[in-house]
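# Inside the fold
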Amino acid sequence: MKVDVRDVRRDDLHAVIAIDAAATGLAKPAYWRSVFRRYGDPDARARHFLVACGDGEVVGFVVGEVRDWEFGSPPCGWVFGIDVRADVREGGVGSRLLEAIAKRFRRAGVKKLRTMLARDNTLILSFFRSQGMMAAPFIPLEMDLQAAE
Amino acid sequence: MKLQMNTTLALYSVAEFAANPGRHLSTAEIAARHGVSAHHLAKVLSELARAGILESVRGVGGGYRFVGNARRLTLMDVIERFEAIDGGPAKTRVPATDIGRALAAIESEIDEMAKATFRSITLATLLRLIERQSRHASAA
Ligand SMILES: CC(C)(COP(=O)(O)OP(=O)(O)OC[C@H]1O[C@@H](n2cnc3c(N)ncnc32)[C@H](O)[C@@H]1OP(=O)(O)O)[C@@H](O)C(=O)NCCC(=O)NCCS
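Below, the structure is looked at part by part. A quick note: this is a predicted structure, and the numbers were derived from the prediction, not measured.

### Some words on the layout of surface pockets
Put simply, the second largest pocket is a space of about 1,100 Å³. What lines the second largest pocket is a set of 36 residues, and nearest its centre among them are L123(A), I124(A), S126(A), F127(A) and F128(A). For the lining of the second largest pocket, the elements supplying multiple residues, two or more each, are helix 1 (13-24), strand 4 (76-84), helix 3 (93-107) and helix 4 (122-130) of chain A together with helix 7 (123-139) of chain B. The element best represented in the lining of the second largest pocket is strand 4 of chain A, accounting for 7 residues. Here the residues of the lining of the second largest pocket sort into 16 nonpolar, 14 polar and 6 charged.

### Remarks on the packing of helix 1 (residues 5-19) of chain B against helix 7 of chain B
Residue and element names in this part refer to chain B. Put simply, helix 1 and helix 7 touch, their axes get as near as 10 Å, and they point 85° apart. On the basis of the axis angle, helix 1 is roughly perpendicular to helix 7. On the side of helix 1, the interface is formed by V14, A15, A18 and A19, while helix 7 contributes L123, L126 and L127. Here the contact of helix 1 with helix 7 is built from residues that sort into 7 nonpolar, no polar and no charged.

### Notes on the nonpolar core
Looking at soluble globular proteins, one finds that nonpolar side chains tend to be buried together. In this structure, L48(B), F66(B) and L123(B) are the most contacted members of the largest nonpolar core, which totals 32 residues. Looking at this core, the elements that each hand over two or more residues are helix 1, helix 2 (27-34), helix 3 (38-50), strand 2 (64-66), helix 4 (75-79), helix 6 (98-120) and helix 7 of chain B. Sorting elements by how many residues they give to this core places helix 1 of chain B first, with 7 residues. Ignoring anything within four residues of it in the chain, the contact list for F66(B) reads V14(B), F17(B), A18(B), I53(B), L54(B) and L73(B). Counting 21 residues, the second-largest nonpolar core is a separate cluster that includes L50(A), I101(A), F105(A) and I124(A).

### With respect to the interface of chain A and chain B
On the chain B side, the residues contacting the 9 residues of chain A number 13 residues. Summed over both sides, the interface of chain A with chain B buries roughly 960 Å², with 53% coming from carbon and sulfur. If you sort the residues of chain A by the area they bury against chain B, R119(A), R129(A) and S130(A) come out on top, with a joint share of 53%. At the junction of chain A with chain B, the criterion picks out 1 salt bridge.

### Quick look at a nonpolar patch on the surface
Among the surface-exposed residues, I99(B), L103(B), I106(B) and I110(B) lie close enough to one another that they form a single nonpolar patch of about 420 Å² accessible area. Looking at the element boundaries, I106(B) is found in helix 6.

Rules of the game
Position numbers for residues count from 1 along each chain, tracking the sequence in the order it is written. Here chains are named by letter from A upward and ligands by number from 1 upward, in the order in which they appear as written. A pLDDT threshold of at least 70 governs which residues receive local features in this predicted model, and a stricter bar of 80 or more applies before side-chain atom pairs are shown or counted, although totals over entire chains, interfaces and linings include all residues. Neither water nor hydrogens contribute to the side-chain values; these are computed over all heavy atoms in the structure. Detection works on a 1 Å grid of protein atoms alone, calling trapped sets that fit a 1.4 Å probe cavities and calling open sets with protein on both sides within 12 Å along at least five of seven lines pockets, with lining residues defined by an atom within 4 Å of a point. Grid points are joined across faces, edges and corners, and a volume is the space filled by probe spheres set on the points. Numbering of helices and strands runs from the N terminus; a helix is a DSSP stretch of H or I covering at least four residues, while a strand is a stretch of E covering at least two. Charged residues are taken to be Asp, Glu, Lys and Arg, nonpolar residues to be Ala, Val, Leu, Ile, Met, Phe, Trp, Tyr, Cys and Pro, and polar residues to be all remaining types, Gly included. Geometry is summarised by axes, namely lines fitted to C-alpha atoms with helices restricted to the contacting stretch, and by angles between N-to-C directions that run from 0 to 180 degrees. The labels follow the angle: roughly parallel below 35 degrees, roughly antiparallel above 145, roughly perpendicular from 65 to 115, and oblique for the rest. A contact between two residues is defined here by any heavy atoms of the two lying within 4.5 Å. Buried residues of nine kinds, namely Ala, Val, Leu, Ile, Met, Phe, Trp, Tyr and Cys, make up a nonpolar core once their side-chain atoms join them within 4.5 Å. Whether a residue is buried, partly exposed or exposed follows from its accessible area with a 1.4 Å probe, protein chains only, as a fraction of its type maximum: under 20%, in between, or over 50%, in that order. Values labelled buried area give the accessible surface lost by two parts on being combined, using a 1.4 Å probe and summing over both. Definition used for salt bridges: Asp or Glu carboxyl oxygen within 4 Å of a side-chain nitrogen of Lys or Arg. Every patch collects residues that have over 30% relative accessible area and no salt bridge, joining them within 9 Å if they carry like charges and within 5 Å if they are nonpolar side chains (Val, Leu, Ile, Met, Phe, Trp, Tyr). Accessible surface is estimated by sampling points in the Shrake-Rupley manner with a 1.4 Å probe; for residues, cover comes only from the protein chains shown.

Coordinates in, geometry out; function isn't part of it.
Right under this line is the structure:
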């Protein structure tokens, strides 16, 4: 299958929502419409929402943005969503998507690509590792917030 | 966290074999390269053969060759043939006190990170890392 990566269009959203719903078990149309409003402008240099198309269908997507001076670190490219339709996985689509967004980030002048992943999602961790990513010098922390008195 | 000697030897050996797929290497060859006793290494290699990662080659010189799938075999698959990362017996030694429980929670945070790391790095990814590092080193 020949795959092209391009900027998302409004009429791709139903496919994006379906791919995400199949991976996460939850359809979130309102969320994806709002991601589209914020990240779907093809002229923006700092926000990117790309889709991979094969045989005339959307088969995967990637979303990310440039984040400035978070936690004192210079601007970096941050990927916060990547998904490939289950029936076309392991054919290089994920790599193409990551390559494409990395190219956009490079063009925006950033030198690092970052992401954060669930520790038990071995599949996606293996994918990012295979692309050459290593542990970043950060540690994500969390706590339960007590209900307000 | 420090891996045991046999586990480290197993990782070295698997990386060595996976980097030379199809080629058979003798125990003595690998032992000499890493400065360990061939007798010691032989036990590690036979365990890797039992795991289906290596296959023993009969005939002159003997030795083993890689028969695993480097794109799917992870460092964890190799490690867990030799030791348990989650501390095993050490955990059960932690006294059931408030301090013991708090320290065990911290230790388990570290173990979970280590396990996620070893589970997500395949031999193919390791070989690419080795290649990148040697490119950097020769460029420097
Ligand atoms: C992770 C994901 C994006 C990879 O997409 P893909 O198109 O299959 O990726 P590629 O074909 O480019 O694979 C590149 C490398 O990733 C690794 N990889 C991919 N699938 C793998 C698997 N099932 N097991 C182990 N490693 C795997 C391999 O190293 C692979 O290289 P190889 O083909 O040389 O073995 C895809 O599997 C996916 O969408 N998974 C669900 C993601 C998810 O959970 N999203 C929700 C949170 S954001």
